[in-house]
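Here is how the chains run, residue by residue.
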Amino acid sequence: MVRVKICGITNLEDALQAVESGADVLGFIMFKGSKRYISPKEVRNITKNLPPFIAKVGVFVNEDRASVLEILSYAGLDFAQLHGDETVNYCKYIGKERVIKVFRLKSENEIAKIKEFETVSKAILLDTYSEKSYGGTGKSFDWKIAVKVKESISIPLILSGGLNLNNVKEAIKTVEPFAVDVCSGVEEEPGRKNHNLVRDFIRAVKCNSC
Ligand SMILES: O=C(O)c1ccccc1NCC(=O)[C@H](O)[C@H](O)COP(=O)(O)O
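Conventions used here
Along each chain, numbering runs from 1 in the same order as the chain's sequence is written. Reporting in this predicted model follows two pLDDT cut-offs: at least 70 for local features of residues, and 80 or more for side-chain atom pairs to be given and counted; totals over whole chains, interfaces and linings ignore these cut-offs and use all residues. No hydrogens and no water enter the side-chain calculation; it runs on all heavy atoms of the structure. Numbered from the N terminus, helices here are DSSP runs of H or I no shorter than four residues, and strands are runs of E no shorter than two. When we talk radius of gyration, it's over C-alpha atoms, and the globule rule is simply 2.2 Å times the number of residues to the 0.38. The classification of residues rests on relative accessible area computed with a 1.4 Å probe and restricted to protein chains. Under 20% of the type maximum is buried, over 50% is exposed, and intermediate values are partly exposed. Contact definition: two residues touch when any of their heavy atoms are within 4.5 Å. What makes a residue near a molecule or strand is one non-hydrogen atom of that residue sitting within 4 Å of it. Pairing of N or O atoms within 3.5 Å defines a polar contact, subject to two protein rules: one partner must be a possible hydrogen donor and the other a possible acceptor, and residues neighboring in sequence count only if both atoms are side-chain atoms. The nonpolar class holds Ala, Val, Leu, Ile, Met, Phe, Trp, Tyr, Cys and Pro. Asp, Glu, Lys and Arg form the charged class, and all remaining residues, Gly among them, are polar. To be clear, the arc concerns the directions from the helix axis to the C-beta atoms. The convention used is that axes are lines fitted to C-alpha atoms, helices contributing only their stretch in contact, and that angles between N-to-C directions extend from 0 to 180 degrees. If you view the pair so one helix is near and one far, a crossing is left-handed when the near helix is turned anticlockwise from the far one by less than a right angle, and right-handed when it is turned clockwise. Note: pLDDT gives the predictor's confidence per residue, expressed from 0 to 100.

**Student:** Describe the overall build of the protein chain, with residues and values.
**Tutor:** Helix and strand counts for the protein chain come out as seven helices and ten strands. The C-alpha radius of gyration computed for the protein chain amounts to 16 Å, which stays within 12% of the reference 17 Å derived for 210 residues, consistent with globular compactness. Each principal axis of the C-alpha atoms in the protein chain carries an extent, and together these give about 45 × 40 × 30 Å. Looking at the 210 residues of the protein chain, the share that counts as buried comes to 52%. A separation threshold of at least 6 residues defines the contact pool for the protein chain, and within that pool the share at least 24 residues apart is 57%.

**Student:** Kindly report on the site of the ligand, identifying the contributing residues and their values.
**Tutor:** Taken together, 23 residues surround the ligand, and among them Ser34, Asp127, Gly136, Asp181 and Ser184 come closest. At a separation of 2.8 Å, an oxygen atom of the ligand approaches a polar backbone atom of Gly162. Here the shell around the ligand is composed, by residue class, of eight nonpolar, eleven polar and four charged.

**Student:** So, helix α2 (residues 40-47): which residues are in play, and what are the values?
**Tutor:** Turning to α2, its buried residues are Val43, Ile46 and Thr47. Looking straight down α2, one finds that the buried residues subtend no more than 90 degrees of arc, so they occupy a single side. Buried positions along α2 lie against α1 (12-21), β2 (25-29), β3 (55-60) and α3 (65-75).

**Student:** I'd like a rundown of the packing of helix α6 (residues 168-175) against helix α7 (residues 195-206), residues and numbers included.
**Tutor:** For the pair α6 and α7, interaxial distance at closest approach is 9 Å and the crossing angle is 35 degrees. The element α6 and its partner α7 pack so that their crossing is right-handed. Between α6 and α7, the residues in contact are Val168, Lys169 and Ile172 and Phe201, Ala204 and Val205, respectively. When grouped by side-chain class, the residues that make up the contact of α6 with α7 number five nonpolar, no polar and one charged.

**Student:** Explain the confidence of the model for the protein chain residue by residue, including any values.
**Tutor:** Per-residue confidence for the protein chain gives a mean pLDDT of 96; residues scoring 70 or more make up 100%. The ipTM assigned to the predicted complex is 0.97, against a pTM of 0.96.

**Student:** Can you lay out the environment of Phe141 for me, pointing to particular residues and giving the numbers?
**Tutor:** Checked against the element boundaries, Phe141 lands in the loop between β6 (123-126) and α5 (143-152). For Phe141, a relative accessible area of 14% gives the class buried. Between the C-alpha atom of Phe141 and that of Val168, which follows or precedes it by 27 residues, the distance is 13 Å. Sequence-distant contacts of Phe141, defined by excluding residues within four places in its chain, comprise Leu126, Asp127, Thr128, Ala146, Leu159 and Ser160.

**Student:** Go over the side chain of Ser121 with me, naming the residues and quoting the values.
**Tutor:** Position of Ser121 among the secondary structure elements: in the loop between β5 (99-103) and β6. In this structure the side chain of Ser121 is engaged in a polar contact, spanning 3.4 Å, whose partner is the backbone oxygen of Val99. Non-local contacts of Ser121, meaning those with residues more than four positions away in its chain, are made with Lys96, Val99, Ile100, Lys101 and Ile155.

Structural data, given as structure tokens:
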């Protein structure tokens with residue numbers, strides 16, 4: 001079954017509701033330039049109240065690599081989602097088992113650069129390229145590129161970028177990803193989730209006959 005990652009969590013109420021609705025993974029934006037930024041201390045206060053079966057992901061952009069390890073440990077996070085220009089060596093330093101490397105591809109020509117990250121990343125996450133923002137844009141990209149990436153890698157693919165209740169089933173049918181990731185498509189406003197949308201999005205992913 002396709003897993004669901006709900007990203008951009010900033011408070012315990014949203015986190016617990018997502019878990020109750022069947023989310024598999026929660027994401028916390030630890031990049032200070034984001035409207036959804038949440039501090040390590042606040043993340044720690046949330047993760048300590050979550051069940052162990054939920055995977056907890058910190059989203060980083062070009063953060064000092066030693067700080068990433070410190071924050072993962074302090075805030076009770078399982079994975080570092082690396083959303084910037086982090087290198088293969090950077091990923092090795094964090095450790096393959098804890099890295100989700102993100103690619104924001106502009107065209108098919110860039111697919112080749114993913115290959116060398118397969119040995120240093122637990123999964124590859126594809127997001128939409130934007131000049132203005134590293135992520136959480138609410139804009140989708142050409143899923144034909146995602147299909148090509150899926151065919152070219154042997155580790156799990158997480159699809160994100162502009163997913164919502166109306167397009168997620170089609171996205172899954174087209175790309176057949178390991179997991180889908182959503183942020184703005186289930187929000188009331190940046191950093192605050194709409195609980196009905198979170199519930200319905202997860203249901204749409206998990207229920208074949210709905
Ligand atoms: O959401 C942000 O503000 C953000 C800022 C900087 C780096 C990453 C960010 N979000 C990362 C995510 O994992 C989002 O879920 C992903 O970009 C998809 O977002 P959306 O298109 O809004 O569903």
